[in-house]
Amino acid sequence: MSALGTALVFWPAAILMLVWGLYVFRTASMARAGLLLLGALGLEGLLFLALASQFLGVLMILMMSGEMIIMVFFMVMFMSDPGGLMGMDMTHDKRRSAALAAAIGIGLAVLAVATDWPGAVVSPDAPDVQAIGYEVMGRSMFSFLFAGVTILFAMVGGVLLAKEGGRLGLAEPGDGTSRRDERT
Amino acid sequence: MSAATPFAILLVALAGAGLVALLEQAVAGARLAPAAIGAAAARRLREPLTLPASYDGWLYHGAPLLLLLAAVAALATVPWTPGFRGIDLDSGAILFAAALAYVTPAVFMAGWGSGHPLAVVGGFRFVALMLGFAMPLAMVITAVAAPAESLRPADIVAIQAGVPMALVQPYSLALWLPAVMAVALMPPFDTATASEELAGGAFARYTGPEAAIVALAQRVLVLAVSGMTAALFLGGWHGPLLPDALWMVLKTLAVAALLLWAGRRLPRLETDRLLILAWKVAIPGSIAAIVLAALTTLLFYR
């Protein structure tokens, strides 16, 4: 893509991404928040595509759809007011978190501008590419697998806690193990 | 990709949606009536837009547009001829799956945004269904891309010059067809949107031009998945005597006709049985398909 084409996709998409990211925390509806986040992350995939990083961009667009829909599922499951009909503020400890977010944002921006990025694209048979492949499939594989299985356990646990009856399941009335007994 | 490509793709989408609507009449055993399709569309477009009693405006109005965008983007990745390939990326086959992945949020937005209990249930049904069927879809793409050693659809077509992939990997085709039928909202996988289920489910509340967009997007989806099936499994534009484009059109329409016919013949199952089919049969099956595809590649394509 030409430099003009890249700029025409990059800047509007980047601005829209930031606006949608901001509105994730302005809305009280869990469905809207999750889908706005999906929109922002999908636009981030579009930024990757505009910057000629095809595979990462396409993969980001693909993966985020499923992940954010699952997140909406969990948010609707756990929130007492998923539609946001009563109004709800999704921000907490405003001043300190705003200061922290601004500091991290400025720090990352400085890092991005100050880094001496390589000017040319390396060829597929460069030693760096091979080294990254060995690192990902070798030593780092254990941490990836561990993180993946941990997330899976968290998801199964979350579903168990959210389902009616909780982790103990629906019990016979009167045996003192279910939450129904606590209510009555 | 030239400046005219987007317009050409839109033209293919509109013309193809009309052909799919004709095929629907044909598999239903009705007399072919192209005028009736145009009249129904015109009636929809003139119909006043009535809104549900309580609804989430952004999600409700955004859903048909997102559905159409996803359908057209998926259609744009289909390689029609060596000269007309739409969006021709190195990872175009993944882009096809990525575009189809946005059918799920669109249906969820429609269901949730309509603010009607049955529509919300419809939206959630589709999310559950696609969590199961999106994985075989992506894994089968990996399996058919392995012999070509490329995720570019045109390369996968090119390697089928001798033998179509449907003969090399019939098991992959068997896993692929239910997955694409589910994502294209086709019966018997349409428990989230069929008019016989949940009183119409996720899209039941839409009227006027928005209902027309939903109907158009559903036909474009059928066209996109049929075109990709023809490209990935039936050898795409390869064929004797006839020109490339005509072979591709014939194969696409044949797949669309097969899917529509199967949809009318097969009974609609409950969502939990469809999920059993996805999680216990299709996903383990597609992992096996990837292993078999790797073996096939090493034995016959190297």
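Sequence positions are assigned chain by chain, starting from 1 and proceeding in written order. Chain letters and ligand numbers both follow the written order, the letters beginning at A and the numbers at 1. For this predicted model, a pLDDT threshold of at least 70 governs which residues receive local features, and a threshold of 80 or more governs which side-chain atom pairs are given and counted, while totals over whole chains, interfaces and linings are taken from all residues.

### Quick notes on the overall build of chain A
The way it works is that DSSP assigns letters per residue, a run of H or I at least four long becomes a helix, a run of E at least two long becomes a strand, and they are numbered from the N terminus. Per the secondary structure count, chain A includes seven helices and zero strands. Written out in order from the N terminus, the α and β elements of chain A read α-α-α-α-α-α-α. To assign burial, the other C-beta atoms lying within 10 Å of each residue's own C-beta are counted, with C-beta atoms placed from the backbone; 20 or more indicates buried, 12 or fewer indicates exposed, and intermediate counts indicate partly exposed. In chain A, which comprises 184 residues, the share counted as buried stands at 16%. Each residue is represented by a C-beta atom placed from its backbone, and any two residues with such atoms within 7 Å are regarded as in contact. Residue pairs in contact within chain A that sit at least 24 positions apart in sequence constitute 52% of those at least 6 positions apart.

### Brief notes about the interface of chain B and chain A
Facing 20 residues of chain B, the contacting portion of chain A comprises 15 residues. Counting residues per element, the ones that place at least two in the side of chain B that touches chain A are α3 (57-76), α4 (92-100), α5 (103-114) and α6 (117-148) of chain B. The element that contributes the greatest number of residues to the side of chain B that touches chain A is α5 of chain B, accounting for five residues. Three classes are used: nonpolar for Ala, Val, Leu, Ile, Met, Phe, Trp, Tyr, Cys and Pro, charged for Asp, Glu, Lys and Arg, and polar for all others, with Gly counted as polar. Here the side of chain B that touches chain A is built from residues that sort into 16 nonpolar, two polar and two charged.

### Section: the confidence of the model for chain B
Confidence of the predictor in every single residue is expressed as pLDDT, which spans 0 to 100. For chain B, the average pLDDT comes to 88, and 100% of its residues sit at 70 or higher. Overall fold confidence (pTM) sits at 0.85, and the ipTM for the predicted complex is 0.84.

### Observations concerning helix α1 (residues 5-27) of chain B
All names here are of chain B. One less than the residue count of a helix, multiplied by 1.5 Å, gives the span that helix is expected to have. For α1, built from 23 residues, the straight-helix expectation of 33 Å at 1.5 Å per residue is met to within 8% by its first-to-last C-alpha distance of 32 Å. Where α1 is buried, its residues touch α2 (34-46), α3, α10 (208-233) and α11 (244-265). Gly29 sits one or two positions beyond α1 and adopts a positive phi of about 80°.

### Some points on the packing of helix α1 (residues 3-24) of chain A against helix α2 (residues 30-50) of chain A
Residue and element names in this part refer to chain A. In the contact formed by α1 and α2, the axes pass within 8 Å of each other and the chain directions differ by 160°. Judged by the angle between their axes, α1 and α2 are roughly antiparallel. Read as a crossing pair, α1 and α2 show a hand that is left-handed. Taken together, the residues of α2 that come into contact with α1 (itself represented by Thr6, Val9, Phe10, Ala13, Ala14, Leu16, Met17, Trp20, Gly21, Tyr23 and Val24) are Ala33, Leu36, Leu37, Gly39, Ala40, Leu43, Glu44, Leu46, Leu47 and Ala50. Grouping the amino acids of the contact of α1 with α2 by side-chain chemistry returns 17 nonpolar, three polar and one charged. Simply put, an axis is a line fit to the C-alpha atoms, just over the touching stretch for a helix, and the angle between two N-to-C directions goes from 0 to 180 degrees. Each angle is binned into one of four classes, with values under 35 degrees roughly parallel, values over 145 roughly antiparallel, values of 65 to 115 roughly perpendicular, and all other values oblique. Here is the rule for handedness: rotate from the far helix to the near one, and if that takes an anticlockwise turn smaller than a right angle the crossing is left-handed, while a clockwise turn gives right-handed.

### Describing the nonpolar core
Nonpolar side chains in soluble globular proteins tend to end up buried together. Note on terminology: a nonpolar core is a set of buried residues of type Ala, Val, Leu, Ile, Met, Phe, Trp, Tyr or Cys, with members joined through C-beta atoms within 7 Å. Among the nonpolar cores identified, the biggest contains 132 residues, and Ala70, Leu75, Leu137, Val183 and Val220 of chain B are the most heavily contacted of them. Per-element accounting of this core gives the leading share, 19 residues, to α6 of chain B.

### A few points about helix α3 (residues 54-78) of chain A
Helix length check: α3 of chain A, at 25 residues, gives a terminal C-alpha distance of 36 Å against a target of 36 Å (1.5 Å per residue), a fit within 8%. Across the chain, bend at a residue is computed as the angle between axes fitted to the seven residues ending at that point and the seven starting from it. The largest bend in α3 of chain A comes to about 25°, at Met64 of chain A. All of the buried residues along α3 of chain A are Gly57, Val58, Met60, Ile61, Leu62, Met64, Ser65, Met68, Ile69, Val72 and Phe73 of chain A. In this structure, the buried residues of α3 of chain A make contact with α2 of chain A together with α4, α5 and α6 of chain B.

### What to know about unusual backbone geometry
Across the junction of Pro187 of chain B and Pro188 of chain B, the peptide omega takes the value 5°, indicating a cis bond. Along the chain, the position of Pro188 of chain B falls in the loop between α9 (170-183) and α10. You will see that Ala52 of chain A, though not glycine, has its phi angle at about 70°, which is positive. Here Ala52 of chain A lies in the loop between α2 and α3. The exposure class of Ala52 of chain A is exposed, given the 10 C-beta atoms found within 10 Å. Positive phi, close to 65°, is recorded for Leu241 of chain B, a residue that is not glycine. Within the fold, Leu241 of chain B resides in the loop between α10 and α11.

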